[in-house]
Every structure is written in structure tokens, then in C-alpha cells.
Amino acid sequence: MKYKIIYQKDKHLDQITIPKSDLQYYLDNYAIVELKKIQSFKEYIANRILTLEQVIYLFSELSLILDSKVSLLEAINILIVGNKIPILNDILLAIQNSITNGQPIYKSLYKFKNQIGIFPMLFFQIGEQNNTLHENIKSLIKVLKIIQDIKSKIVNILFYPMILFVSIIITFVFIFNFVLPRFSFLFEQLGDNIPLATQMLLDFHSFLQSNWLLLIAFFISFIFATKYAFKKYPFQISKIIFYNIPFISKLYQQFLFYELFLSLNILLKINYKFQDALKSSKIIITNQYLNYKLDFVIADIKNGVSAYQAFQNYQLLDPLITRLLYTATKTDNYTSISSKIENIYYKHFTQSLDKMIRYILPISLTIAFSIILWIILAIMLPTLNMGIILK
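As the structure is a prediction and not an experimental result, all values here were calculated from the model.

### Quick notes on the layout of surface pockets
There is about 560 Å³ of room inside the largest pocket. Lining the largest pocket are 23 residues, and of these Lys113, Gly117, Ile118, Glu259 and Thr286 lie nearest its centre. Elements with a minimum of two residues in the lining of the largest pocket: helix H3 (52-66), helix H7 (113-116), helix H8 (119-130), helix H9 (133-190) and helix H12 (248-269). Residues belonging to the lining of the largest pocket are distributed by class as follows: 15 nonpolar, 5 polar and 3 charged. Taken as a whole, the second largest pocket spans an internal volume of roughly 480 Å³.

This is how it looks when you write it as C-alpha cells:
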């Protein structure tokens, strides 16, 4: 870490940037007018971004300390003393201040939702309202580990295609900068007899050379346009993602409903009414379109419509899930049925992920090997043709 200081020297002001190790010297020997901490990019990231693993570790430590029968405030104080990560320290201090001032802890965590996610707020809220905070922290850890496992599977899906994509880019860079220049004389000698694969490669190279600035501008414009669309039309974009992207939308729906019924199941187990549990669980749903539809479902249930009929009216759930909700309505056994629905959505989601892995990897390999084969043919065929011409 470095510091930018403005200090008085020989009756005028000087400015200097110094490492942390030199700070005490300047504090002791000069009149400091202004002191400003300068963060490196690595420090900036460390101060603002938490991995899910770090979040799980934080709450696991807290749970372990609470197992020793100390108070929550004492446990937080112990964690503050041993913590060296700035953003975690901010979170712990926020919890400490809430306990000291008698304020709800979950409200103090809202400003950290980008770092820790929405689940800690939900579980702390439930725990504080029902005096089951320690048990809820243990449940929170289990849920976060499930989400970590899901994210790990998604990373595995994307890892090999990304490696192949990067490899292809490196291959093209090498071919265009080192191989094609060496064969340019040979290509010119062939004239109209140049093979189709070679001509396609040369045309592609020419296109990139002529339009690389345009392509970069298009890529940057696409990113900004996408961000603008998400900001300007969040509801419409949410609906498109929820319904209209082949295969991805179905996978996305399964994940959202798994999260919803996971939360519902936890709340029903501590004797929440279905309507109240659904209303509390809705906060974890980030898709605006689904949130909008759930508002209507909750309003219908509040007006006396059964949970089964309310979901049926807006056609949000699969027929199997709808039938299970019908059973729950008739038997008034929402807790057991919601647990089954949670397991069904989790099973369907993980199966869909596994199916995606089975399809994406061979498709990616086929595309990569096809491109490599095309490059090999484009380079080797002119050599063979020249040999034939010389004969």
C-alpha cells in the first residue's frame, strides 16, 4: 500500500507518494497537510470483492465460535480481532454496531448484498424474528455450500470451451503473423489455382486486417448496449431471459424455482404460513419478471385463492409441481410437499447442467478440431499443388 502526502518543507508545500514503510518517517519529521491512501488494483479488489468460499468460511467460523456458548457479540468481537480482510472487517463491524445499538442485523447487511448475496440477510432476518439465529446460521452454511457446488458445475461447463476458444485465438494470431507471411510467395505463384481452404483463410485474414477497429468498436458498443438495455428495460430483458432463450431459459427457471422453494421449505419448517413464507422468500429472486408474477400470486392467496390455483392462474410451474401444490392444498401439508418440490427442482437443475456438459464439450471439441483442420489444409494444400505444377 502507498500514501500520497502533501507536507510543508522550507515554508512551501511539497507532494510525494511513499510506501507504507516510509509513512512514519514523514509523520515524525514533517508537518503533514494532507494524507491520502492509494490502493493498488489488487488491494481495491480485495477490499470490494468476496469469493463465495470466503463468505462460507466467515459464517462457518461464526457458527463454530457460537458452538462454544459465547454470545453473538463476543463471537463477532473475536472474529474482528482475527480478521485481515478489509471488506470482511466492514461486515463484522456492521453486525457489531447493530447488536450494540439494538438494531436488526439483517438490515445492516443489505449494503453488502453485492459481496455476500441475499441469503445471509434472509437467514439472519428469520433467525432474529424467531430467536433461532444460531440454527439459521448453520442452515445458511448448508445453503451456501449447495450454491457453491452449483457454481462449480457451471464453471466446469464453461472452462473447456473457454480454453478451446483462447487456444483458437492464439492459433490464428500465430498463423497470421508468422506462417502466412512465409507462404505468401507460394500463394502468389499459384494464382487462380489456390485451394478453396487457403483462399478462405486469406480472405478471413484480409477481413480482420481491414476491419479490426470496426470489430473492436462493435464489441465495445455491444457491451454498452447490453448494459443500457438491462438498465433501461430490466423487466422486458428479465422476461426474455426467463422464457425465450433456448435451453438456457429452462435451466434458469429451474435454478430460480429451486432457490424459491429452498427458502420456502426453510420458513415452513419454522411454522411460517405459506403466504408469509412466499412473501419473505421472494426477496431472493433477482428476476424482475418472476418477482412481478409472484406479487400477483401472493395477492391472490391473500384474497382467499388457494396456493395451487394462484400459481395455476399465472402458469409459472411445471404440471408435476402444480399437482404437488394441489396435493399440499388438499392435505394442508405444505412443509413436506415444498421439500419434495425443492428436491425435484434441484434434481432437474443438476441433470440439466450434466446434460449441458455432455453436449457442450463434444460440440466445442468438434468446432475447435474443424478450425484446426481447416488451417492445416489451408497451409498444406498449396504445397501439394505446387508440387503437382512443378511436375
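Picking up where we left off.
### Quick notes on helix H5 (residues 86-101)
Helix length check: H5, at 16 residues, gives a terminal C-alpha distance of 22 Å against a target of 22 Å (1.5 Å per residue), a fit within 8%. Three or more residues of H5 are buried, namely Ile87, Leu88, Ile91, Leu92, Ala94, Ile95, Gln96 and Ser98.

### Focus: the nonpolar core
Proteins that are soluble and globular tend to have nonpolar side chains buried together. Among the nonpolar cores identified, the biggest contains 81 residues, and Phe59, Leu62, Phe124, Phe274 and Leu278 are the most heavily contacted of them. Of all the elements, H12 adds the most residues to this core, at 11 residues. Each residue touching Phe274, except ones within four places of it in the same chain, is listed here: Leu264, Leu268, Ile301, Ala307, Phe311, Leu325 and Tyr334. Core analysis: the second largest hydrophobic core is formed by 16 residues, Leu190, Leu201, Ala368 and Ala378 among them.

### With respect to the packing of aromatic side chains
A complete count under the given rule lists 23 aromatic pairs for this structure. An aromatic cluster of at least three residues, connected via ring pairs, comprises Phe235, Phe242, Tyr243, Phe257, Phe261, Tyr289, Tyr292, Phe296, Tyr314 and Tyr345.

### Looking at the packing of helix H11 (residues 234-243) against H12
Look at H11 against H12: their axes get within 6 Å of each other, and the N-to-C directions meet at 105 degrees. The angle between the axes of H11 and H12 places the two elements in the roughly perpendicular class. Here H11 contributes Ile240, Ile241, Phe242 and Tyr243 to the contact with H12, which in turn contributes Ser249, Tyr252, Gln253, Leu256 and Phe257. Classifying every residue of the contact of H11 with H12 gives 7 nonpolar, 2 polar and no charged.

### A short note on the packing of H8 against H12
For the pair H8 and H12, the least separation of the axes is 11 Å and the interaxial angle reads 15 degrees. Considered as vectors, H8 and H12 are oriented roughly parallel to each other. Seen from above, H8 lies across H12 with right-handed handedness. Residues Phe119, Leu122, Phe123 and Ile126 of H8 pack against Glu259, Leu262, Ser263, Ile266 and Leu267 of H12.

Basis of the calculations
Residues numbered from 1 in each chain as written. Predicted model: local features only at pLDDT ≥ 70, side-chain atom pairs only at ≥ 80, totals over all residues. Heavy atoms only, no water. 1 Å grid on protein atoms, 1.4 Å probe; cavity = no way out; pocket = protein on both sides within 12 Å on 5 of 7 lines; lining within 4 Å. Points joined across faces, edges and corners; volume = space filled by probe spheres on them. Helix = DSSP H or I, 4+ residues; strand = E, 2+ residues; numbered from the N terminus. Nonpolar A, V, L, I, M, F, W, Y, C, P; charged D, E, K, R; others polar. Expected span 1.5 Å × (residues − 1). Buried < 20%, exposed > 50% of the residue type's maximum accessible area, 1.4 Å probe, protein only. Core = buried A, V, L, I, M, F, W, Y, C linked by side-chain atoms within 4.5 Å. Contact = heavy atoms within 4.5 Å. Phe/Tyr/Trp six-rings, centres within 6.5 Å; stacked < 30°, edge-to-face > 60°. Axes fitted to C-alpha atoms, helices over the stretch in contact; angles between N-to-C directions. Parallel < 35°, antiparallel > 145°, perpendicular 65-115°, else oblique. Left-handed = near helix turned anticlockwise from the far one by under 90°.

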